[in-house]
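Residue strings, one per chain:
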Amino acid sequence: MGFRLRLDLFLVAIVFLSSPVLSDLVLSKVDRRVDLTSQVVRISSTLKVENEGHDLVSELLLAIPDHQAKHLAYLVAVPIEGKGKAKSAGSSFPVQIVHPEEIPPGLTFYSVSLPKGLDKGGSLTLDVLTVFTHMLQPFPEKISQADFQLLVFQDTAYFLSPYVVKTQTLSVKLPSNARVESYTKLANTKGLDSEIRYGPFENLPPFSYTPIVIHYENNHPFAVAQELVREVEISHWGNVQVIEHYNLVHAGAESQGEFSRLDYQARPHVRGASAFRHLVAKLPPRAHSVYYRDEIGNISTSHLWGDSKKTELVFEPRYPMFGGWRTSFTIGYGLPLKDFLFETEGKRFLNFSFGSPIGELVIDKLIVKVVLPEGSRDISVSVPFPVKQSEEITFSHLDIVGRPVIVLEKTNVVQEHNQYFQVYYRFSSLSMLREPFLLISGFFFLFVACIVYMHADLSISKSSTSYLAKLQWEEVQVAVQQIQNVINRCLSIHDKLEASLHDLSRTGDVQACKATRKSADSLLKELSKELKPSLSFLQSSPQAAQILPKVEELIAKEKELQEKLMLKHSTIVDSSEKKSGGREIENRVAPLQQKVSALRQEVEDLLDVIDEI
Amino acid sequence: IRNGGKSDSVNGHKSGSNQSPSLKSDLISPTMFNLKTLKLKTKQQELLIRVTILCLVYVLAFITRLFSVLRYESMIHEFDPCFNYRTTLFLTQKGFYGFWNWFDSESWYPLGRIIGDTLYPGLMVTAALMYWTLRFLRFAVHIREVCVLGAPFFASNTTLVAYFFGKEIGDLGFRGRPCGSCTDSDLPWLHLEIRSYDNEGVAIFALLLTFYLFVKAVNTGSLAWALASAFGYFYMVSAWGGYVFIINLVPLYVMVLLITGRYSMRLYVAYNCMYVLGMLLAMQIRFVGFQHVQSGEHMAAMGVFFLLQVFYFLDWVKHMLSDTKLFQAFLRITVTTAVVVGVVALGALQLGISHHGRAASTLLLDPTYAKDHIPIIASVSEHQPTAWSSFMFDFHSLLFLFPAGLYFCFKRLSDATIFLVMYGLTSMYFAGVMVRLILVATPAVCLISAIAVSATIKNLTRLVRAKNKVPSTGSSKGASSTKSSSKASLDQSLPFQRNGAIALLVGAFYLLSKYATHCTWVTSEAYSSPSIVLAARGAYGNRVIFYDYREAYFWLRQNTPPDAKVMSWWDYGYQITAMGNRTVIVDNNTWNNTHIATVGRAMSSYEDEAYEIMRSLDVDYVLVVFGGVTGYSSDDINKFLWMVRIGGGVFPVIKEPDYLVNGEYRVDKGAAPKMLNCLMYKLSYYRFGELMTEYGKPPGYDRARGVEIGNKDVKLEYLEEVFTTSNWIVRIYKVKPPNNRW
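Residues numbered from 1 in each chain as written. Chains lettered and ligands numbered in written order. Predicted model: local features only at pLDDT ≥ 70, side-chain atom pairs only at ≥ 80, totals over all residues. Heavy atoms only, no water.

Chain B goes by dolichyl-diphosphooligosaccharide--protein glycotransferase in an unreviewed UniProt entry, where it is assigned to Dillenia turbinata. Per its UniProt entry, chain B bears the Sequence similarities (unreviewed entry) comment "Belongs to the STT3 family." In its Catalytic activity (unreviewed entry) section, the UniProt record describing chain B reads: "a di-trans,poly-cis-dolichyl diphosphooligosaccharide + L-asparaginyl-[protein] = N(4)-(oligosaccharide-(1->4)-N-acetyl-beta-D-glucosaminyl-(1->4)-N-acetyl-beta-D-glucosaminyl)-L-asparaginyl-[protein] + a di-trans,poly-cis-dolichyl diphosphate + H(+)". (UniProt positions renumbered as here; feature names shortened; annotations may be inferred.)

Where an unreviewed UniProt entry is consulted, chain A appears under the name Dolichyl-diphosphooligosaccharide--protein glycosyltransferase subunit 1, with the organism given as Dillenia turbinata. For chain A, the Subunit (unreviewed entry) comment in UniProt is given as "Component of the oligosaccharyltransferase (OST) complex."

In structure tokens:
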């Protein structure tokens, strides 16, 4: 086996174990539990530390071999105080990487500082959780569609430590029903159903090392996001928009040879056991407008469930993911602002989770971008673990100076990093109105421009014939309009006359009727005077040649109508004065009446015709 | 909804006219002042109604094209639009010069394609300009949205131009309501299939714009309008190869005007300016270049140009020589010399320039040409002659309104209507020859039908109005008994005129409303289903959507080496490059027939022969489309005969009869042996024989063709299956590397 060789080399490297003991600490009891059920390796060790020296010790060193340290994604040391497991994440010890002198090469040291220190004879129990990614190696590295995925895990059976370990146990948890090809058998090793137990080992000197290798089956999805970009955009109108761009790969054993859809369709769990077809994203509650798409469009294979605690998005990539296959997609969703944005001391802060909502996903490179609204100031960030931080500017709709973007970058991210981080900033609520105002003013100026254009005379040459013709035509139109107005007024006077006749037949008030006629007569005369200038203008203007005959006809007809109406009026009034019978009047008026209505019709038609010209 | 707009407009007119009499009867008591203001208002009302309707039409023309966006997604999904989108993306990223000089190595491997020289850039530049403008205005849009919504936007603009065109014609010929004609014309607009991001979307707009501006120029004789129409023409040339239609129709129109004796200075100015400037501008497009003065398609325009000069010259000479006899002598001499010179010049042209008229254009003049000579053009469904049913489907009631409109045009003959008539007739002919050109015919058909409708409605409403007036005038009279007599005098001639008119009006509205619903249905059902997403009815009547194409393209994009070369039939070329981002051997720009024939040959050869061809083309993956599982009928097996024909056209080794049995194309047991063992058959049916597709049928039952396949034991030696989509529609095979020699 190829990996054996490397282990041996490593053993050579740390062969001189005679280096001086770094401190007087002794680990009286160590329980190591290795969890191999998923693609990440979680090793949690419960350490009982005793100080056998004389001095106060304030730091505890943890050693991890270099080849493992480069896969280390997460390390946390939590004290266990008293009885039970009343531990909380907030009380974890600060951990940092150190390079103590005179240490064997090939090891990376992490120093856990104990804030209270450890007196002489004092003891302390703490839990150390380490999470490694990409540590499980597929073996064989390439499998065909029908094969199961086999993995190799290698570690030391003894707890690697610069301190003396008095008793130590190790248990390795494997996926349930997993087939175990082989595992290293030491003195007291027990292979249980889905667990392998080593130990207890007694009185191990510092830097004890015994390699173990476990070769087992694991068809757990090996979903690795080579890059994940999360964009969190805050809109103070009440929405937090999250867009996540995934670049996913199946990092397990590479598939080789044919992919047969027929086989996969017939028995997906046998012919395609190592493939995964769907992923689950646990989104925050009240997530809305969820979408799932990629560069070439929407992907329809997804389902969304939601209750008051969470929103669950189950989605399938476009094709089943076999080993080595890649895909990329984008998930987007909106969240209510009030769930994530809070205010303290005049500052607003966003409280948002750092990692991906997809469980059991290893992210090689995670970039979180927080897009703050335009006009945010005094920006500061607090993240519970070290990240690379930078700032940039992005432009969205109607931005003038751009929105500040906080960029947080971290490599090797696992589920344990799903912790909340905070972005503090100041933002005045008035700035919210900037964009609507911009839009409104934009439209306003558009309309103003239109009005100006309509009213301004933009012709270049004021003396060109077409321009002059246009001016003349406008004048003609004005004149025609005036004539029309006058005629209309005449017509309304006629209506009045008719009305007076109507009154007459009802009341018999001859005098009133006469008075009406008189006033109407004078009015009509005035109006005909008014007509004259416009008409003479039309006659003189060459542009009006087309319209002039109609206008003249109109005026003539109107005059005729006037005469006839007057005649009718006077006839009726006269005869009513003479107290003639209704029938007689009617007989006398009938021909006149007919003519009047015909003329009136003609006048109106002419008006319409002129209108249309 | 559309119909609402229409009836609105007519109601508007009617109410306008109805109001005045009723007002008069009411206004016995109120002041005269009131009357005057109200009278003014009716005029404003008309303007208001017109503008509102125009806005509504604009919006509606836009939103009816959003069916596919709403029903599916905002996505580019057709074949050609994929390419357009890809080039637009490139243009926005690399800038105009980068685009102009782009050598695309991802298509036509190993030849490549010079993009700047071989495409009409109008669409891409338009989209990019829109994109940059929006960006400048601080709208952070994605170029994809611009492309998807650009087509509806241009459709709306087209409607607007059509309105102005109709107005231009209407103002002269009829004093018909431009408003009515506009609303009418927008109805048919619905089925302009410019729903997706394609050249035609911009081109139809440009086409109509050019025509409108040209007609305007002819009507006014203004140099400015002629200039504008030259620019419209330039835009059209930059957008679509269909500009040839303009450059032939316009001279034809001028010719007709000359023959009918309608030559005028206005025409002279308009045509000269438009032709000379238009030609110079068009030559700036590299894809056109010197073809514009060299190829036979453009000769008519040049001939008419010279003819116009001769006309003008003769006019001038006639003016100078007062003696008619002298003039006739002069005419005789000049005509003979002109004819001689013309013949000599034509001969020289024929000799000097090898006459290679473009096949697609030749096809227009002789519909049977392609069938006999160029299978690649005949194989495109868009190039098939139009069936009657599709005319009926697309035009619906316009089909019989069209002749009526022509009648009205002839009744009121003017320069503008002559143009419209000629446009209508020629484009109808072309639409009959080629399905795709229905697009070009649509605006003409719409406008002419609109004229028919608006003329009819105008006449009818006049009748109705005339009747309305009489009683109202009568009622305003004091003496009531005279009413009956006056009425009788006006009402002698046609007894049921008014009722008849109303009935006809109702009929017309019914027709239009039917048409509107038909159009909406057509756009929503027939023209809004993207070809990349297949929709089917499931067993329980539910809608099943197959995303197989994109599944395959995305698989290619993600899981093949970036420089992999994919061989497929040319239909899928644009999509593979745009969505799969991989190099293809042939694509929808069918410029190299031999290359396509090589692919056709590979597909129709035995596997070992095909392997040699694929090795020589450096092919890594082969993609076939197969509908046997889903019953998707436009798959590669059904296209296969075209591959054989096109392959056989260049390589005589491939003979069509080898794949047929007694002239019949089959895939079952009775199929020809060569058919059962050719590459395409093997790739399509690989391991299909083991699959149960339908209950009660033997395994290997091909649902697209309804037969059990003939060769169930397909073994592949040189290729291996690497991916098949979930419904087996796309199958991808990898070409194995050659075996070691020892």
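Participant: It is not clear to me how the environment of M274(B) should be interpreted in this structure. Could you clarify?
Facilitator: Residues and elements named next belong to chain B. Residue position: M274 is located in helix 11 (residues 265–282). The exposure class of M274 is buried, given its relative accessible area of 2%. Sequence separation between M274 and F509 is 235 residues, and the spatial gap between their C-alpha atoms is 40 Å. Once residues within four sequence positions are removed from consideration, M274 is found in contact with T210, F214, A226, S229, A230, Y233, I246, V250 and M279. (Helix = DSSP H or I, 4+ residues; strand = E, 2+ residues; numbered from the N terminus. Buried < 20%, exposed > 50% of the residue type's maximum accessible area, 1.4 Å probe, protein only. Contact = heavy atoms within 4.5 Å.)

Participant: Hey, could you run me through the interface of chain B and chain A in this one?
Facilitator: Think of interface size as the accessible area that goes away when the parts come together; that is how it is often given. Between chain B and chain A, the residue contacts involve 47 residues of the former and 48 residues of the latter. Between chain B and chain A the total buried area reaches about 4,700 Å² when both faces are included, carbon and sulfur atoms providing 52% of it. Counting across the chain B and chain A interface gives three salt bridges. Residues R261(A) and E551(B) are paired through a salt bridge, measuring 3.0 Å at the closest nitrogen-oxygen approach. On the surface where chain B and chain A come into contact, there are 17 residue pairs in polar contact (both at pLDDT 80 or more). Counting residues per element, the ones that place at least two in the side of chain B that touches chain A are helix 2 (32–63), helix 21 (438–475), helix 24 (548–559) and strand 10 (719–724) of chain B. When the residues that make up the side of chain B that touches chain A are grouped by side-chain class, the tally is 19 nonpolar, nine polar and 19 charged. (Buried area = accessible area lost by both parts, 1.4 Å probe. Salt bridge = Lys/Arg side-chain N within 4 Å of Asp/Glu carboxyl O. Polar contact = N/O pair within 3.5 Å; in protein donor to acceptor, adjacent residues only side chain to side chain. Nonpolar A, V, L, I, M, F, W, Y, C, P; charged D, E, K, R; others polar.)

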